[in-house]
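Structural characterization, general
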Amino acid sequence: MKLKDIIIERIKKNGPIPFDEFMNMALYYPEAGYYTKSDLKIGRQGDFFTASHLGKVFGLILSKQIKLMWGKMGCPDEFAITEIGPGMGYLAEDIMEELLYNENDKHSFKYYLIEINPHLENTQRERLKKYQGKIFWYDSIDKLEEFQGVLICNEIFDAFPVRVFEIRNNKVFEVYVRLNTEEFTEELKPARQDTVEYINEFAPWILEIDGYRSEINLAMKEFIKTIYKMMKRGFVLIFDYGWSNEEYYSYERKKGSLLCYYKHSVNENPYLNTGEQDITAHVNFTALKKWAEEAGFNVDLYLSQSKFLISLCDEPLLEQLQKEDLIQKFKRLVLPSGMGESHRVMILSKL
Ligand SMILES: C[S@@+](CC[C@H](N)C(=O)[O-])C[C@H]1O[C@@H](n2cnc3c(N)ncnc32)[C@H](O)[C@@H]1O
């Protein structure tokens, strides 16, 4: 059965479903969701690019940051790098090449990959086979044994299912997905209690703006708690596109940030190409910071990707980028016309 028909069946049986449930099915329904299907491809042959697809620049610079963090932790023997949702495995490959394989700088670090898609795991296994014995897969963060080291989330939170809300007459409503014959359409229902609490806490000013529509990502809160529980000691490195609270819920953004990617083109209709297009929303870094602190983390840094990457570039690294013809790719990571300002970095620690 096609994913669209599976969702239609669900709605026929249960009635209209909240948008986050629709998005969860569209992206993660076993074997049929966008991120769980067998032919998922990220990069040139897929629907979108991420920083890890720009040659080895990103991996090279992150390796430097990881070594600094290892040093701050007192250079422990037991040290693992964990990557959530490693995509095609390029970033893992570049970091391992640098830290585990480089003859001049070889470490006994381990690398854990948390991959929910078994087909993508096979692609990663093929790409990374020379690191056998140092590299381990888990299909969920809950399965990770307590670990010590650095955990990387590159463009993970923007792919979490979000709730979509709309303000009508100073009240908060949520978007539910229902059917109009055999097509998806929307209806508004009074918001769930925790959605209302979120708006009161993070964006009470929008209650005055009739028709204001945006998203909230409550799944991030639980996830950050889980990471804290799994981590014995270490750092979390988060890269994603997003804004702080006031930027996110500003008047100018009264239509929200939900976007869909299909074959490198962008649209705003999540009800098209069900299971074949990515659906994303920007990350609210203010909420992320608050929830990370509530979980027990210390928030060490919040910067634009541009400032963060440039701060790690010393002369030898720049020379290496030049020698390996990587300067153009570096520019795409740091220039405002590339990912420099749209993407932000947050570092959490538990030491
Ligand atoms: C936009 S892709 C980014 C992929 C990769 N990090 C990169 O930079 O190319 C988002 C990834 O997050 C993964 N993801 C989303 N929720 C997850 C979860 N709860 N646990 C593990 N991975 C998750 C998806 O499966 C997907 O591979």
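Residues numbered from 1 in each chain as written. Predicted model: local features only at pLDDT ≥ 70, side-chain atom pairs only at ≥ 80, totals over all residues. Heavy atoms only, no water.

1. Considerations on the overall build of the chain
Scanning the chain from terminus to terminus reveals 12 helices and 16 strands. Taken over the C-alpha trace, the chain has a radius of gyration of 21 Å; the compact-globule value for 351 residues is 20 Å, and the two agree within 12%. Summarising its shape, the C-alpha atoms of the chain cover approximately 65 × 45 × 40 Å along the three principal directions. Within the chain, residue pairs in contact and separated by at least 24 positions form 75% of the contacts whose partners lie at least 6 positions apart. (Helix = DSSP H or I, 4+ residues; strand = E, 2+ residues; numbered from the N terminus. Rg over C-alpha atoms; globule rule 2.2 N^0.38 Å. Contact = heavy atoms within 4.5 Å.)

2. Examining the site of the ligand
Taken together, 16 residues surround the ligand, and among them Tyr 28, Thr 50, Gly 85, Asn 154 and Glu 155 come closest. Between the ligand and Ser 52, the relevant distance is 3.3 Å, taken from an oxygen atom to a side-chain nitrogen or oxygen of the residue. Within the side chain of Asn 154, an N or O atom sits 2.8 Å from an oxygen atom of the ligand. (Near = heavy atom within 4 Å. Polar contact = N/O pair within 3.5 Å; in protein donor to acceptor, adjacent residues only side chain to side chain.)

3. Concerning the pattern of salt bridges
For the coordinates displayed, the defined rule picks out 25 salt bridges. Between Lys 4 and Glu 183 there is a salt bridge, with its nearest N and O atoms 3.0 Å apart. You can see Lys 4 sitting in helix H1 (residues 3-14) and its partner Glu 183 sitting in strand E8 (residues 183-190), a full 179 residues away along the chain. For Glu 166, the salt bridge is made with Arg 168, and the minimal N-O distance between the two is 2.6 Å. Overall, the relative accessible area of 9% leaves Glu 166 in the buried class. Residues joined by salt bridges that share partners form a network here, namely Asp 20, Arg 163, Glu 174, Arg 192 and Asp 194. (Salt bridge = Lys/Arg side-chain N within 4 Å of Asp/Glu carboxyl O. Buried < 20%, exposed > 50% of the residue type's maximum accessible area, 1.4 Å probe, protein only.)

4. Notes on the pairing of strand E2 (residues 80-84)
Side chains on a regular strand alternate between the two faces of the sheet. Most of E2 sits out of view: five of its five residues are buried. The two faces of E2 match: Ala 80, Thr 82 and Ile 84 on one face and Ile 81 and Glu 83 on the other face are all buried. Of the strand pairs in this sheet, E2 and strand E3 (residues 110-114) are connected by five bridges, and their pairing is parallel. Considered in E3, the bridge of Thr 82 is made with Tyr 112. Alignment of E2 against strand E5 (residues 147-154), held across five bridges, turns out to be parallel. Bridge assignment links Thr 82 to a residue of E5, and that residue is Leu 151. (Pairing = 2+ DSSP bridges.)

5. As for the nonpolar core
By size, the foremost hydrophobic cluster in this structure holds 80 residues, and its most contacted members are Phe 19, Phe 157, Ile 224 and Ile 238. Apart from residues lying up to four places away in sequence, Phe 19 is in contact with Val 162, Val 164, Val 175, Tyr 176, Val 177, Leu 258, Pro 270 and Tyr 271. (Core = buried A, V, L, I, M, F, W, Y, C linked by side-chain atoms within 4.5 Å.)

6. Digging into the sheet that holds strand E13 (residues 278-280)
Taken together, the three strands give an open sheet; going across it, the order is E12-E11-E13, and neighbouring strands pair in antiparallel fashion. The open sheet terminates on both sides in strands that have one partner only, identified here as strand E12 (265-267) and E13. Neighbour to neighbour, the strand axes of the sheet diverge by 30 degrees on average, direction disregarded. Two elements, strand E11 (residues 259-262) and E12, share three bridges in a ladder whose sense is antiparallel. Across the sheet, residue Cys 260 finds its bridge partner in E12, namely Asn 267. (Axes fitted to C-alpha atoms, helices over the stretch in contact; angles between N-to-C directions.)

7. Some details on the side chain of Asp 158
Here Asp 158 shows up in the loop between E5 and strand E6 (163-168). Despite its burial, Asp 158 pairs with no opposite charge; the closest candidate is Arg 344, at 13 Å N-O. Apart from residues lying up to four places away in sequence, Asp 158 is in contact with Asp 240, Tyr 241, Ile 279, Thr 280, Ala 281 and Val 283. (Lys, Arg positive; Asp, Glu negative; His and termini not counted.)

8. Quick look at the layout of surface pockets
Taken as a whole, the second largest pocket spans an internal volume of roughly 290 Å³. Around the second largest pocket sit 15 residues that line it, and Gly 43, Arg 44, Phe 49, His 53 and Tyr 90 are the ones nearest its centre. Mapped by element, the contributors of at least two residues to the lining of the second largest pocket are helix H4 (90-101) and helix H12 (327-334). For the lining of the second largest pocket, the residue count by class is five nonpolar, five polar and five charged. (1 Å grid on protein atoms, 1.4 Å probe; cavity = no way out; pocket = protein on both sides within 12 Å on 5 of 7 lines; lining within 4 Å. Points joined across faces, edges and corners; volume = space filled by probe spheres on them. Nonpolar A, V, L, I, M, F, W, Y, C, P; charged D, E, K, R; others polar.)

9. Points about helix H6 (residues 193-202)
Of all the positions in H6, only Thr 195, Tyr 198, Ile 199 and Phe 202 are classed as buried. The buried residues of H6 occupy an angular sector of 95 degrees when the element is viewed end-on, so they sit on one face. The inward-facing, buried residues of H6 contact E6, strand E7 (171-180), strand E9 (213-216), helix H8 (245-248), strand E14 (283-284) and helix H9 (285-295). (Arc of directions from axis to C-beta.)

10. Focus: empty space enclosed by the protein
Counted under the stated rule, the structure contains two cavities of 30 Å³ or more. Together, Tyr 198, Glu 215, Ile 216, Asn 217, Met 220, Tyr 248, Tyr 249, His 282, Asn 284, Ala 287 and Trp 291 line the largest cavity. Taken together, the elements giving at least two residues each to the lining of the largest cavity come down to E9 and H9. For the lining of the largest cavity, the class distribution of residues is seven nonpolar, three polar and one charged. Every residue along the wall of the second largest cavity is listed here: Phe 22, Ala 26, Pro 270, Leu 272, Asn 273, Thr 274, Gly 275, Gln 277 and Ile 279. For the lining of the second largest cavity, the class distribution of residues is five nonpolar, four polar and no charged.

Just geometry here; none of it tells us what the structure is for.
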